[in-house]
Amino acid sequence: MKTYKTLKTLLRVLTLALITSGIQAQTQPDSLTIKLQQAFTHESLPGMYVIMTDGNKVSYSHSFGYADEANQVPYLANTIQNIGSVSKTVIAVALMKAIELKYFTLETDINDVLPFKVTNPNDPNGKITIRQLTNHTSGIVDNPEVYHYCYHFYPKLRAYDSVSIKTLNQMGFGDKLKDTTLAQFFYNYLSPQGEYYSKANFGEGPAGSVSSYSNIGSALAAYLIELKSGLSYAEFTKKYILKPLKMDHSGWHIEDVDLKKHAYLYLDQKNRFPLYDLVTYPDGGLKTSPEDLSKYLVAIARHDKKLLTEASYQTMFTAQFNKEHPPKNINLTYRNKGIFWNLYTNGTVGHDGDDPGVGTYLFFNTTTGKGGLFLCNKYLPNKQAIVDVLVKEAAGR
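Residues numbered from 1 in each chain as written. Predicted model: local features only at pLDDT ≥ 70, side-chain atom pairs only at ≥ 80, totals over all residues. Heavy atoms only, no water.

Draft legend 1. The arrangement of the overall build of the chain in detail. Scanning the chain from N- to C-terminus turns up 11 helices and 12 strands. Along the three orthogonal principal directions, the C-alpha set of the chain runs to about 95 × 50 × 35 Å. Counting across all 397 residues of the chain, residues that qualify as buried make up 54%. Considering only contacts within the chain whose residues lie at least 6 apart along the sequence, 70% involve residues at least 24 apart. (Helix = DSSP H or I, 4+ residues; strand = E, 2+ residues; numbered from the N terminus. Buried < 20%, exposed > 50% of the residue type's maximum accessible area, 1.4 Å probe, protein only. Contact = heavy atoms within 4.5 Å.)

Draft legend 2. Quick look at the packing of helix H6 (residues 182–190) against helix H7 (residues 215–229). One can describe the packing of H6 onto H7 by two numbers: an axis separation of 10 Å at closest approach and a directional angle of 125 degrees. Between H6 and H7, the interaxial angle falls into the category oblique. Our pair here, H6 against H7, has a crossing hand that is left-handed. Contacts between H6 and H7 involve Leu182, Ala183, Phe185, Phe186, Tyr189 and Leu190 from the former and Ile216, Ala219, Leu220, Tyr223 and Glu226 from the latter. Considering only residue class, the contact of H6 with H7 consists of 10 nonpolar, no polar and one charged. (Axes fitted to C-alpha atoms, helices over the stretch in contact; angles between N-to-C directions. Parallel < 35°, antiparallel > 145°, perpendicular 65-115°, else oblique. Left-handed = near helix turned anticlockwise from the far one by under 90°. Nonpolar A, V, L, I, M, F, W, Y, C, P; charged D, E, K, R; others polar.)

Draft legend 3. View of H6. Taken together, the buried positions of H6 are Leu182, Phe185, Phe186, Asn188, Tyr189 and Leu190. Buried residues along H6 sit in contact with helix H4 (144–147), H7 and helix H8 (233–242).

Draft legend 4. Broad picture of the side chain of Gln320. Positionally, Gln320 belongs in the loop between helix H10 (310–316) and strand E8 (335–337). Look at Gln320 and you get buried, because its relative accessible area is 17%. Here Arg131 takes part through its side chain, which lies 3.0 Å from a polar atom of the side chain of Gln320. (Polar contact = N/O pair within 3.5 Å; in protein donor to acceptor, adjacent residues only side chain to side chain.)

Draft legend 5. Inspection of unusual backbone geometry at higher detail. In this structure, the amide linkage connecting Gly205 to the following residue, Pro206, adopts the cis form with an omega of -5 degrees. By the element assignment, Pro206 lies in the loop between H6 and H7. Positive phi, close to 50 degrees, is recorded for Ser44, a residue that is not glycine. Positionally, Ser44 belongs in the loop between helix H1 (2–42) and strand E1 (47–53).

Draft legend 6. Representation of the packing of aromatic side chains. In this structure the tally under the stated criterion is 22 aromatic pairs. With centroids separated by 5.6 Å and ring planes inclined at 15 degrees, the aromatic side chains of Phe186 and Tyr223 adopt a geometry described as stacked. With Phe186 in helix H6 and Tyr223 in helix H7, the pair connects residues that are 37 residues apart, well separated along the chain. Here Phe186 matches Tyr223 in class, with each residue buried. Note on Tyr296 and Trp341: the rings are 6.5 Å apart at their centroids and 15 degrees apart in plane angle, and the pair reads as stacked. In this pair, Tyr296 is assigned in helix H9 (residues 290–301) and Trp341 in the loop between E8 and strand E9 (342–344), connecting sequence segments 45 residues apart. The two residues Tyr296 and Trp341 agree in class, both being buried. Linked through ring pairs, Phe185, Phe186, Tyr189, Tyr196 and Tyr223 together constitute an aromatic cluster. Taking NZ or CZ as reference, Arg158 lies 4.3 Å from the ring centre of Tyr264, over its face. (Phe/Tyr/Trp six-rings, centres within 6.5 Å; stacked < 30°, edge-to-face > 60°. Lys NZ or Arg CZ within 6 Å of the ring centre and 35° of its normal.)

Spelled out as structure tokens, the structure:
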């Protein structure tokens, strides 16, 4: 009898433990959803999608709001949109693959690859290396008189609102460049004989001594891959990154993706931007879905050998700046730089993205292997509230 009572008590305890663990398993994502919903509402976002990964697979996936407010179309895991500068992490992977293919090294002088000579007028005898392009110390800077016109808008492809266009014009954005290839653009921007050449296209010298975040310098690294591979950067990344990861709904140009799944990009919850591409598309032009991007995140976090060797991953995530002697204009308190990737002092590696109608973030925790991403179809001046929630979740706090 005593044995039966003991067994009955044990079964009750085990059942209670299973029920409790089930409640906790359900409560954790529910708690995360509540926090994200609060941030989503506070920022007045049209739509957002959040994915968390556990190092091998997706562990949390949740939709917030709409890809199309007017027609109440929800923002789904397969919704496509631009991801802004998270695209630069793809340049990092492509560049390391190009190095594996022995096209060049990080120390290669860009003038050893380019079909024209680049000279910083502020450092005429200096040398610019590929490494300096990757850590934003090359001295090639974004001249707003040119860079803001690197956007190609497609107003005939989809409805948009005039308020958004007016706002873009007020911010200095336009669609004035005739260039359609990286080759055309970089000749015009960096060659002294080029149409857009100016001393304002360059910062202080010598290269390596001053930090200045450069979209154009980033895209130049991608153009070097084109020159050595004989493929367009879009073709190279499709061959070596998108296709191996089965990112079948991702691409660099409007014609590469299903526009029926493309989110509207918003100025606010009402006013929509037209669809657009970038002349310097490698620096911020990848169009992808949360579902596709999660495949990329998992592969990067676990150092997937389908993409790169372990040595390449180690190089890509090695801090570029010495804390004792950093370049000017950079604060290493919160982050260092890898090869394009940001190495944060909180133990995460990642990158954020911004563009008209775009706010994105992708990261993973180097200790837990967990990671996360979010995409939203509105520019976010400050992503920190959402980022903090995701980073704490990945850290297990």
